[in-house]
Amino acid sequence: MCGIVGYIGTQKASSIILEGLKRLEYRGYDSAGIAVQKNGRFDIAKKAGRVEGLIKGTAAQKFSGTTGMGHTRWATHGGVTDANAHPHLSSDGKFALIHNGIIENYESIKRFLLSKGYTFASETDTEVLCNLIAYHYQKEPAVEDASRFLESVRKALRHIEGAYGIAVMCADYPAEIVAARKGSPLILGVGDGEYMLASDVSAIISRTQNVVYLKDGEILHITVRNFSITTLDAADVSPVFDRVSWSIADADLNGHAHFMEKEIFEQPAALENTMRGRFSEDGSTANFGGLNISAVDFRHVDRFHFLACGSAWHACLVAEQLIERFARVPVEVDYASEFRYRNSPLERSALFFTFSQSGETIDTLAALREAKRKGYKVLAVNNVVGSTIARESDGGIYQHVGPEIGVASTKAFTSQLLIGAMLALYIGRMRDLSFSDGVEYVQALKGVPDLVRQVLAQAPHIKEIARRYAKFQDFLFLGRLSLFPVALEGALKLKEISYIHAEGYPAAEMKHGPIALISEQCPSVFFVPSGEMFSKVVSSMQEIKARKGRIIAVATEDCALPAGLADEIIRIPECHEAVLPIVATVPVQLLSYYIAVELQRDVDKPRNLAKSVTVE
Ligand code: F6R
């Protein structure tokens, strides 16, 4: 949730850290701070508000040291104040610490430390850990000098319950950083004569693409010359080096006003990348290289369980519809946060999938661990290579859409829809779906980037609608079958970036309650497909119109809507039902984006949200 960045090398650390913080800001933006080593003490600046405020309002850029670390915060314990911003110092001034996560037993540790004379300047759990490290450092000065700093961090961490990704500096060790993780991601970047530490590769890739992903329970000790990894029990760990495939251009705006806009318009290419190399030679089915499960075992699955949060959960709901329709295998979709506590009865031959763009969402990770604990295989649909979920799953499917930086998910969501459609084809071809139906399905999937391009070409028309509708305070999004989850996604997109209240419903359910909301002041966005659902959806639209509700229709080209029924029409191409949810999503992404821009919202960093939710 929060962002962590650290640097040890020969360059001025502050400039590199501040640039890294700007790239990480999408992880949390309540406050930001930086600490740089200076002659046995720390230069520190921290401030509530955005990274830009830290850069403009402080002397941070002038700090001259070559070892330092910075943090962007998403508040958990303690309000959004300068005092609660990280880094935190121990009361003796010897340690500076930044932290991502929640320390659950901080109150009892704080009581203990208060009894030993330690003082606290903030309300945070982080400061408690910082003082606990100082306590162990003072308590055991006998430890051999070179490792005293490292060992006091190790000792303190053994008393911690909860989740953390931390970086610590000690004033007595001017060119060293100790970092550790349990439940929150940390990555070491190995550059040319320098090391970087970050919670996210986007903070590193401007300097190096060579990385080592830290695992839970590992402690990293970085000095100017080298680094070592050990466990909490002090066992040595051999580092595994990886190379990040994303480039710095992937993480830049490239002329767009916002990352959300850039990522919406990147979707044709993103979808091509998701599909690349994933169709069989005979052109009748999908292939996935990393499932690590034989076709025979896959065919014997009686029920699939999909676990996810937020937009990824909506993608699972669409996948459920397509798999049940084309493969005739039951699918159960759970919110990951509910699954782990629900303890629902499970069949013996169930197979689990988690869907997560970041691969770090703590609820999804915890649900994965719960399913594995029960002895099930769990596969992951995931965008960030090397993420915790990717590493802890038994196999999976990478999305390959490049970094998604806008907090509201767009290209990652449509890519997950595509993977769901490909899974329905893959499983369907093992069962009922014929060769010719498979070939037709594959052709439809291959055509989706062009269909999305056609919808994107209507951006000016959608922008104009957004301009007229930005004044409304409530919206309904209504769709049926696989377009119902798209309605949920449309409502979520609108509320998270424009702060307008919106609800998604199955169109026919509207008359069982939400219709009470309808007035001239509450517009409805209807998804209208041709085919068997057309007349049903039109009836629902008429019920809205009869109550003076305004209607924006996202309708496929062949739908002959009764004159005057819709106030606005956004046409989308006729297409195969496997790709319809993807094509229908794009207009509501654009509508939400342009409404938020019209309202001058901070589109890429909506209030209270953070890109990757790594706390429960
Ligand atoms: C909404 C959004 C969130 C995420 C959710 C899961 O636009 O981005 O609802 O979909 O937090 O995140 P991941 O996919 O990273 O697990």
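Residues numbered from 1 in each chain as written. Predicted model: local features only at pLDDT ≥ 70, side-chain atom pairs only at ≥ 80, totals over all residues. Heavy atoms only, no water.

### Description of the pairing of strand β13 (residues 227–231)
Part 1 of the argument: Pairing of strand β12 (residues 218–223) with β13, which is carried by five bridges, proceeds in the antiparallel orientation. Its bridge partner lying in β13, Leu220 is registered against Ile229.
Part 2 of the argument: Hairpin connection between β12 and β13: a loop of three residues separates the two successive antiparallel strands.
Part 3 of the argument: Sheet topology note: the β13/strand β14 (residues 236–237) ladder contains two bridges and is antiparallel. Residue pairing for β14: Ile229 is matched across the bridge by Val237. (Pairing = 2+ DSSP bridges. Helix = DSSP H or I, 4+ residues; strand = E, 2+ residues; numbered from the N terminus.)

### Quick notes on the packing of helix α13 (residues 411–430) against helix α14 (residues 435–446)
Two quantities define a packed helix pair, namely the angle between the helix axes and the distance between the axes.
Part 1 of the argument: Packing of α13 against α14 leaves a shortest axis separation of 10 Å and a crossing angle of 170°. Classified by the interaxial angle, the pair formed by α13 and α14 is roughly antiparallel. Of the two elements, α13 crosses α14, and the hand of that crossing is left-handed. Residues Leu418, Ala421, Met422, Ala424, Leu425 and Arg429 of α13 lie in contact with α14, whose contacting residues are Phe435, Gly438, Tyr441, Val442 and Leu445.
Part 2 of the argument: Classifying every residue of the contact of α13 with α14 by side-chain character gives nine nonpolar, one polar and one charged. (Axes fitted to C-alpha atoms, helices over the stretch in contact; angles between N-to-C directions. Parallel < 35°, antiparallel > 145°, perpendicular 65-115°, else oblique. Left-handed = near helix turned anticlockwise from the far one by under 90°. Contact = heavy atoms within 4.5 Å. Nonpolar A, V, L, I, M, F, W, Y, C, P; charged D, E, K, R; others polar.)

### What to know about the state of the cysteines
Part 1 of the argument: Within the structure shown, the criterion is met by zero disulfides.
Part 2 of the argument: Not engaged in a disulfide, the cysteine Cys559 finds its nearest cysteine sulfur in Cys575; these two sulfurs lie 11 Å apart.
Part 3 of the argument: Overall, Cys575 belongs to the partly exposed group, its relative accessible area being 22%. (Disulfide = S-S within 2.5 Å. Buried < 20%, exposed > 50% of the residue type's maximum accessible area, 1.4 Å probe, protein only.)

### Quick look at the nonpolar core
Part 1 of the argument: Phe298, Phe304, Phe306, Phe353, Leu445, Phe475 and Phe477 are the most contacted members of the largest nonpolar core, which totals 95 residues.
Part 2 of the argument: When residues of this core are sorted by domain, at least three fall in each of domain 2 (253–446) and domain 3 (459–605).
Part 3 of the argument: Ignoring any residue separated from it by four or fewer positions in sequence, one finds Phe304 in contact with Phe298, Val329, Pro330, Val331, Glu332, Leu351, Phe353 and Ile427.
Part 4 of the argument: Grouped together as the second largest cluster of nonpolar side chains are 33 residues, Val36, Ile55, Trp246 and Phe259 included. (Core = buried A, V, L, I, M, F, W, Y, C linked by side-chain atoms within 4.5 Å. Domains from an automatic or database assignment.)

### Points about the site of the ligand
Part 1 of the argument: Lining the immediate surroundings of the ligand are 14 residues, of which Ser356, Gln357, Ser358, Thr361 and Glu496 lie closest.
Part 2 of the argument: Thr361 has a polar side-chain atom sitting 2.5 Å from an oxygen atom of the ligand.
Part 3 of the argument: Look at the ligand: alone it shows 410 Å² of surface, and the protein chains cover 89% of it.
Part 4 of the argument: Mapped by element, the contributors of at least two residues to the shell around the ligand are α9 (310–326) and α17 (483–498).
Part 5 of the argument: Within the shell around the ligand, the residues separate by chemical class into five nonpolar, seven polar and two charged.
Part 6 of the argument: Of the domains in this structure, domain 2 (253–446) and domain 3 (459–605) are the two that each give at least three residues to the shell around the ligand. (Near = heavy atom within 4 Å. Polar contact = N/O pair within 3.5 Å; in protein donor to acceptor, adjacent residues only side chain to side chain. Areas by Shrake-Rupley, 256 points an atom, 1.4 Å probe, with all protein chains shown as cover.)

### A word on the side chain of Asp363
Part 1 of the argument: When you line up the elements, Asp363 lands in helix α11 (residues 362–373).
Part 2 of the argument: Although Asp363 is buried, it makes no salt bridge; Arg340 carries the closest opposite charge, 4.1 Å away.
Part 3 of the argument: Among all residues touching Asp363, those that are not within four sequence positions of it are Cys309, Ala336, Ser337, Arg340 and Glu616. (Lys, Arg positive; Asp, Glu negative; His and termini not counted. Salt bridge = Lys/Arg side-chain N within 4 Å of Asp/Glu carboxyl O.)

### Overview of the pairing of strand β17 (residues 331–335)
Part 1 of the argument: Here strand β16 (residues 303–308) pairs with β17 via five bridges, running parallel. Bridge pairing in β17 places His305 opposite Glu332.
Part 2 of the argument: In this region the chain leaves β16, passes through α9 and returns to the parallel neighbour β17; the handedness of that crossover is right-handed. (Right-handed = clockwise from strand over helix to strand, strands pointing away.)

### Observations regarding helix α18 (residues 534–545)
Part 1 of the argument: Look at α18: 16 Å from first C-alpha to last across 12 residues, which is about the 16 Å you get at 1.5 Å a residue.
Part 2 of the argument: Along α18, the positions that sit buried rather than exposed are Phe534, Val537, Val538, Ser540, Met541 and Ile544. The buried residues of α18 occupy an angular sector of 160° when the element is viewed end-on, so they sit on one face.
Part 3 of the argument: Close packing links the buried residues of α18 with β21 (474–479), β23 (524–528) and β24 (551–556). (Expected span 1.5 Å × (residues − 1). Arc of directions from axis to C-beta.)

### Things to note about the domain arrangement of the protein
Part 1 of the argument: Split by domain assignment, the protein resolves into domain 1 (3–249), domain 2 (253–446) and domain 3 (459–605).
Part 2 of the argument: Domain 1 and domain 3 are separated by 45 Å when their C-alpha centres are compared.

### Here we look at the pattern of salt bridges
Part 1 of the argument: All told, the structure shown has 28 salt bridges when counted by the stated rule.
Part 2 of the argument: Arg50 is paired through a salt bridge with Asp602; the nearest N and O atoms lie 2.3 Å apart. Taken together, the positions of Arg50 in the loop between β3 (41–48) and α2 (51–57) and Asp602 in the segment after α19 (580–598) put the pair 552 residues apart, joining distant regions of the chain.
Part 3 of the argument: The partner of Lys493 in a salt bridge is Glu496, with the nearest N and O atoms 3.4 Å apart. Remark: Glu496 and Lys493 occur in helix α17; sequence separation between them is three residues, near one turn of the helix. This pair shows no difference in class: Lys493 is buried, exactly as Glu496 is.
Part 4 of the argument: The network of salt bridges with common partners includes Arg303, Glu332, Asp334, Arg342 and Glu347.

### Observations regarding unusual backbone geometry
Part 1 of the argument: Here the amide bond leading from His86 into Pro87 is cis, since omega sits at 5°, within 30 degrees of zero.
Part 2 of the argument: With respect to the helices and strands, the residue Pro87 is situated in the loop between β4 (67–73) and β5 (88–89).
Part 3 of the argument: A positive phi angle, close to 50°, is found at Asn343, a residue other than glycine.
Part 4 of the argument: Secondary-structure assignment places Asn343 in the loop between α10 (336–342) and β18 (350–356).
Part 5 of the argument: Judged by its relative accessible area of 55%, Asn343 falls in the exposed class.

### Focus: the sheet that holds strand β20 (residues 395–398)
Part 1 of the argument: What the five strands build is an open sheet, ordered β17-β16-β18-β19-β20; its pairing is parallel. Each having just a single partner strand, β17 and β20 make up the two edges of the open sheet. Going across the sheet, the axis of each strand differs from the next one's by a mean of 20°, ignoring polarity.
Part 2 of the argument: In terms of strand pairing, β18 meets strand β19 (residues 378–382) through five bridges, oriented parallel. In the strand pairing of β19, Thr354 is matched with Ala380.
Part 3 of the argument: Along the sheet face, α9 touches β16, β17 and β18 and points at about 170° away from the line of β17.
Part 4 of the argument: Each of β16, β18 and β19 is contacted by α11, which is oriented at about 165° to β18, the strand it contacts most.

### Examining the sheet that holds β13
Part 1 of the argument: If you walk across this open sheet you meet the seven strands as β5-β6-β7-β8-β12-β13-β14, and the pairing is antiparallel. Edge positions in the sheet fall to β5 and β14, since each has one partner strand and no second.
Part 2 of the argument: Across the sheet, helix α4 (residues 125–139) touches β5, β6 (95–103), β7 (162–170) and β8 (173–182), and the angle it forms with β6 is around 130°.
Part 3 of the argument: In the packing of helix α5 (residues 145–157) onto the sheet, contacts are made with β6, β7, β8, β12 and β13, and the angle to β8 comes to roughly 25°.

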